[in-house]
Amino acid sequence: MKISSEQIQQHLSRDIKPLYVVFGDEPLLALEAADRVRAKAREAGYTEREILTVDSGFKWNQLALAGSSQSLFATRKLLELRIPTGKPGVEGSEALQAYCDALPADTITLISLPGVDWRAQKSGWFEALDRAGVMVEAKIVSRKALPQWLAGRLQMQGQEADRETLDFIADRVEGNLLAAYQEVQKLALLFPAGTIAFDQVRDAVLDVARYDVFNLGETLLEGDVLRLARMLDGLKGEGVAPPLALWAMTEEIRAIGKIITGAASGKPVSMLLREARIWGPSHQNLMQQQFKRFTLLQVTEAMRHAAAIDRMVKGLIRGDAWDELLQLGLRFARNNTGITPARTVRRSSAQVPAGQPVLF
């Protein structure tokens, strides 16, 4: 049984199961989900607590021993198993499957894992955990979902804000959910219950956004040029190497070119997505929705521009690579009205002559 970290509270209000596995890439949500399981276990009388951490010296027979042993002073126990790497290995895989086949009585087991990729989720040990218990996934909160998440957190402390205010907060805390949580808590200390005005939030919320360079491509695909500009500025401030940002953008542009070319020849888009190495349902859906907005000419010009930026990064031509990356994004992406920003910005000095071949 798999649920999200946001559903765990509702689930625990009905019952508590003998096995919970908390995993995912969002530390705050994973920590909150595990805390709720611990609190429910204490409430249900599981007063003893034992913690096992899988490190270099860990022996997997300790798991079976911990499950079979009970304290003289407690009849119910919460057993926590933490696997920081998310990779139990061959011995650990066998031990976990054996443990799931015979869960100990009067024991609630809480297993904590980091993010687990789709390959690991198809492994025998992960499927055994899925069959035996409740899998609680702490997913990254995307930028689109962040305003709703913020609204829910504000509601929990008796406050609310309009969409403009929520979007403003989201822009300043994107990619840093722990800091977002702290900023929301700060609003509860600064202002009374009720509606919070935009002017109040503007002066109170710090800019603590953190950006993932691997999200640049999807932002370019969405055509959100304001967010793209913020991301590039943030990545520059965090010391990300320009070649990495260039790679993330050109990989998306190259993929769009492949899909446009393949679709024109009659190939199914589902096959083209695999060939272009577009993984993940959200990315695939976004590509299917957006690739028709672009033309092969746009892709070709963008790849020429990217080639010039690559030469600039290598010191072969003069210029500011980060400025040119922004220009590349503005020239290629489109805003919400469908107007190509390239018509309103200067022609980049890094343009490569039109005769140069471009490959995608």
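Further up the page is the structure itself.
Residues numbered from 1 in each chain as written. Predicted model: local features only at pLDDT ≥ 70, side-chain atom pairs only at ≥ 80, totals over all residues. Heavy atoms only, no water.

Peer 1: Got a minute to help me understand the packing of helix 13 (residues 242-264) against helix 16 (residues 296-313) in this structure?
Peer 2: When two helices pack together, their arrangement is given by the angle between their axes and by how far apart the axes lie. Between helix 13 and helix 16, the shortest axis-to-axis distance is 10 Å and the interhelical angle comes to 160°. Taken together, the axes of helix 13 and helix 16 are roughly antiparallel relative to one another. Handedness of the helix 13/helix 16 crossing: left-handed. Contacts between helix 13 and helix 16 pair Pro242, Pro243, Leu246, Thr250, Ile253, Arg254, Ile256, Gly257, Ile260 and Thr261 from the former with Leu296, Val299, Ala302, Met303, Ala306, Ile309, Asp310 and Val313 from the latter. Of the residues contributing to the contact of helix 13 with helix 16, the split by class is 13 nonpolar, three polar and two charged. (Axes fitted to C-alpha atoms, helices over the stretch in contact; angles between N-to-C directions. Helix = DSSP H or I, 4+ residues; strand = E, 2+ residues; numbered from the N terminus. Parallel < 35°, antiparallel > 145°, perpendicular 65-115°, else oblique. Left-handed = near helix turned anticlockwise from the far one by under 90°. Contact = heavy atoms within 4.5 Å. Nonpolar A, V, L, I, M, F, W, Y, C, P; charged D, E, K, R; others polar.)

Peer 1: I keep staring at the nonpolar core and nothing clicks. Help me out?
Peer 2: One broad rule of soluble globular proteins: the nonpolar side chains tend to lie buried together. Counting residues in each nonpolar core, the largest one holds 41 residues, and the members touching the most others are Tyr20, Trp149 and Leu150. No other element matches the seven residues that helix 2 (residues 27-43) contributes to this core. The residues touching leucine 150, leaving out its near neighbours within four places in the chain, are Leu166, Ile169, Ala170, Ala180 and Val184. If you look at the next biggest cluster of nonpolar residues, it comprises 40 residues, including Ile256, Ala276, Val299 and Leu328. (Core = buried A, V, L, I, M, F, W, Y, C linked by side-chain atoms within 4.5 Å. Buried < 20%, exposed > 50% of the residue type's maximum accessible area, 1.4 Å probe, protein only.)

Peer 1: How should the environment of leucine 325 be read in this particular structure?
Peer 2: Mapped onto the elements, leucine 325 comes out in helix 17 (residues 321-332). As a C-alpha pair, leucine 325 and glycine 266 span 59 residues in sequence and 33 Å in three-dimensional space. The contacts of leucine 325, once residues within four sequence positions are left out, are Leu232, Pro242, Ala245, Leu246, Met249 and Ile309.

Peer 1: For this particular structure, what's the right way to read the sheet that holds strand 1 (residues 2-4)?
Peer 2: Across the sheet, six strands lie side by side as 1-6-2-5-4-3; this open sheet has parallel pairing. This sheet does not close on itself; its edge strands, each paired only once, are strand 1 and strand 3 (48-53). Neighbouring strand axes in the sheet, compared pairwise and without regard to direction, differ in orientation by 20° on average. Direction of pairing for strand 2 (residues 19-24) relative to strand 5 (residues 107-112): parallel, over a ladder of four bridges. Within strand 5, the position partnered with tyrosine 20 by the bridge is leucine 110. Lying over the sheet, helix 3 (residues 61-68) contacts strand 3, strand 4 (77-82) and strand 5, oriented at roughly 170° with respect to strand 4. Against the sheet, helix 4 (residues 89-101) makes contact with strand 2, strand 4 and strand 5, and its axis sits at roughly 150° relative to strand 5, the strand it touches most. (Pairing = 2+ DSSP bridges.)

Peer 1: How should helix 8 (residues 163-173) be read in this particular structure?
Peer 2: Note on helix geometry: an α-helix contains 3.6 residues per turn, so any two residues three or four positions apart are oriented the same way. Three or more residues of helix 8 are buried, namely Thr165, Leu166, Phe168, Ile169, Ala170, Asp171 and Val173. Looking at the packing, one finds that the buried side of helix 8 touches helix 7 (146-156), helix 9 (177-190), helix 10 (198-204) and helix 12 (225-237). Glycine 175 lies just past helix 8 and shows a positive phi near 75°.

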